[in-house]
Amino acid sequence: MKPPVGPEEARMPTSDIHAFASSCTMHGLGHVFSLGAPPARRGLWAAAVLLALATFLYQVAGRVRYYGEFHHETALEEHESRQLTFPAVTLCNVNPLRRSRLTPNDLHWAGPALLGLEPAEHAAYLRALGQPPAPPGFMPSPTFDVAQLYARAGHALKDMMLDCHYRGWPCGPENFTTIFTRMGQCYTFNSGADGAELLSTPKGGMGNGLEVMLDVQQDEYLPVWRDTEETPFEVGVRVQIHTQEEPPLIDQLGFGAAPGYQTFVSCQKQQLSFLPPPWGDCSSVSLDPDFEPEAPGPLGTPGPGLSTPYSLMGCRLACQSRFVARKCGCRMIHMPGSAPVCSPQQYKDCAHPALDALLRKDACRCPNPCASTRYAKELSMVRMPSRAAARYLARKHNRSEAYIAENVLVLDIFFEALNYETVEQKKAYEMSELLGDIGGQMGLFIGASLLTILEILDYLCEVLWDRVLGRRFWSRSHPQRPSSANLLQEGPGSHRTQVPHLSPGPRPPTPCSAVAKTLSASHRTCYLVTRL
């Protein structure tokens, strides 16, 4: 006989959908599963809830799709600074070799590759240089070093520099670092090499930067024998302003300063910041010029991590060095790496053609660095020297006035002001914005929140426990007991119903085959027979 239902048993279980809908914080759900509402009203509420849910899911899908496209935006800001680090300044004479330093041995080895000379033209070229022809029985050296040729025959800074000042303080060749580029031997001011302290300036404007007076030594220029790609027709110096971490690529990015003029270069610092994939395509992994991947791949494939910071120019030079070393087994003098420097014959037969082919194909895939600094420049020039100053300069440097006008230039590099620009790529749509949009759409269309999702998950767990796991757990933990441990309920027709024992504690001693008479809830008489 089923016992009467008490107040606690009258409550609906937590897994009941009507109980969950009446207490859920999601708007409209209680009206859909209301027990006493008419079916038409419940149907209209169900349609409204489904329409709102579909609109919410459509809006969320659009926001997620927009986030997956990884858009970015660019922000330009201007900042003030008390002082700025002065950039590195690289200078190269457009003439790579001095005519007075060339020897017959140099022409024998480097004439065909660097000057485009045939062996039969060496004697005529020496006469054009103002030097005697090779003596009878001349024997060239067994080996030849291109780096030593440029170091010996290139323009020496101590001979070119007439005057130098930084922020009014005197400077000299000792403040410059020798570096080899494709234009030959060049010199870099404020390079920071060998741990040298970088110079800075607390003021902007003229007189607060580098001012240098140079003699281009036009009388040392090589005669133009024939028109080649490496033949310079101009006179002056090539200048590049760059950061200390970035190697100069002066043959492509340098600007010219001509003799007979004072060139003013006003700089403004710009800090660039790009995003890595998938929002952008920047990289911060340096390219090792000596690293060769096992499988053929793009030339811009990053190698093992290097101590030098990644830069666009450094990546290009490393890519070129890797390509030339792979094709020719050597590197050009201006390229990084540990491969041996190419001989003049290798320059002519392999290195120059390979490098030109690489530049034409643009095969180096070098992404922008994630963080870099560049310097915007404004150039202006005035003629120099004036008639009043020509005589003084000629007397000071023991040169003629015509020589001063044709060979001397002044280069003045300074910051326009102590402010700098930052150009930064930013994510156009952050994860926090995506979550905020989803939360706003959820509250607008279905009146739900993150806790509502937890309520739904909690309800699903209750359903799973009550209807699936609960039955299995109950059947395993409460198996059927033998008849000796149960109560036998007998009716007038000897009908027997097995009822579990209701007293969990110890029973009092009962005599064997004791008969107890009780009155059931339905006022029927039955006998409880208990066996010990």
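Here, the structure is the one placed above.
Summary of the structure given here.

Scoring rules and cut-offs
Residues numbered from 1 in each chain as written. Predicted model: local features only at pLDDT ≥ 70, side-chain atom pairs only at ≥ 80, totals over all residues. Heavy atoms only, no water. Pairing = 2+ DSSP bridges. Helix = DSSP H or I, 4+ residues; strand = E, 2+ residues; numbered from the N terminus. Axes fitted to C-alpha atoms, helices over the stretch in contact; angles between N-to-C directions. Core = buried A, V, L, I, M, F, W, Y, C linked by side-chain atoms within 4.5 Å. Buried < 20%, exposed > 50% of the residue type's maximum accessible area, 1.4 Å probe, protein only. Contact = heavy atoms within 4.5 Å. Expected span 1.5 Å × (residues − 1).

## Focus: the sheet that holds strand β11 (residues 255-257)
The strands that make up a sheet are held in pairs by hydrogen bonds between backbone atoms, and each pair lies either parallel or antiparallel. Here we have five strands laid out as an open sheet, ordered β6-β7-β3-β10-β11, and antiparallel in their pairing. Edge strands, defined here as strands with exactly one partner in the open sheet, are β6 (176-181) and β11. Sheet twist, expressed as the mean angle between neighbouring strand axes with direction ignored, is 35 degrees. Summarising the sheet, strand β3 (residues 88-93) and strand β10 (residues 237-242) pair through six bridges and their orientation is antiparallel. Considered in β10, the bridge of A88 is made with H242.

## Some details on the nonpolar core
Formed by 39 residues in total, the largest nonpolar core has its most connected members in L102, L115, L149 and Y347. Listed by contribution, the elements that provide at least two residues to this core are α5 (104-115), α6 (122-128), α7 (146-153), α10 (312-328) and α11 (344-361). Of all the elements, α10 adds the most residues to this core, at eight residues. Not counting residues up to four positions away in its chain, the partners in contact with L149 are L97, L102, D106, A110, L114, F144 and G154. Counting 37 residues, the second largest nonpolar core, distinct from the first, contains Y187, F189, V216 and Y221.

## A look at α10
Over its 17 residues, α10 extends 24 Å from the first C-alpha to the last, a length consistent with the 24 Å expected when each residue adds 1.5 Å. Burial within α10 is extensive, with twelve of its 17 residues counted as buried. All of the buried residues along α10 are L312, M313, C315, L317, A318, C319, Q320, S321, R322, F323, V324 and C328. Of the surrounding elements, those touching the buried residues of α10 are α9 (250-253) and α11.

## Considering unusual backbone geometry
In the segment running from P277 into P278, the intervening peptide bond is cis, with an omega of 10 degrees. Tracing the backbone through its elements, the reader meets P278 in the loop between β12 (261-273) and α10. The amide bond that connects M384 to the next residue, P385, takes the cis arrangement and shows omega of -5 degrees. Locating P385 in the fold gives a position in the loop between β13 (371-383) and α12 (387-396). At F70, a residue that is not glycine, the phi angle is positive and equals roughly 55 degrees. Inspection of the secondary structure assignment puts F70 in the loop between α4 (39-68) and β1 (72-80). The exposure class assigned to F70 is partly exposed, which follows from its relative accessible area of 27%. With a phi close to 60 degrees, N398 is a non-glycine residue in the positive phi region.

From the geometry alone we can't say anything about function, so treat these as descriptive.
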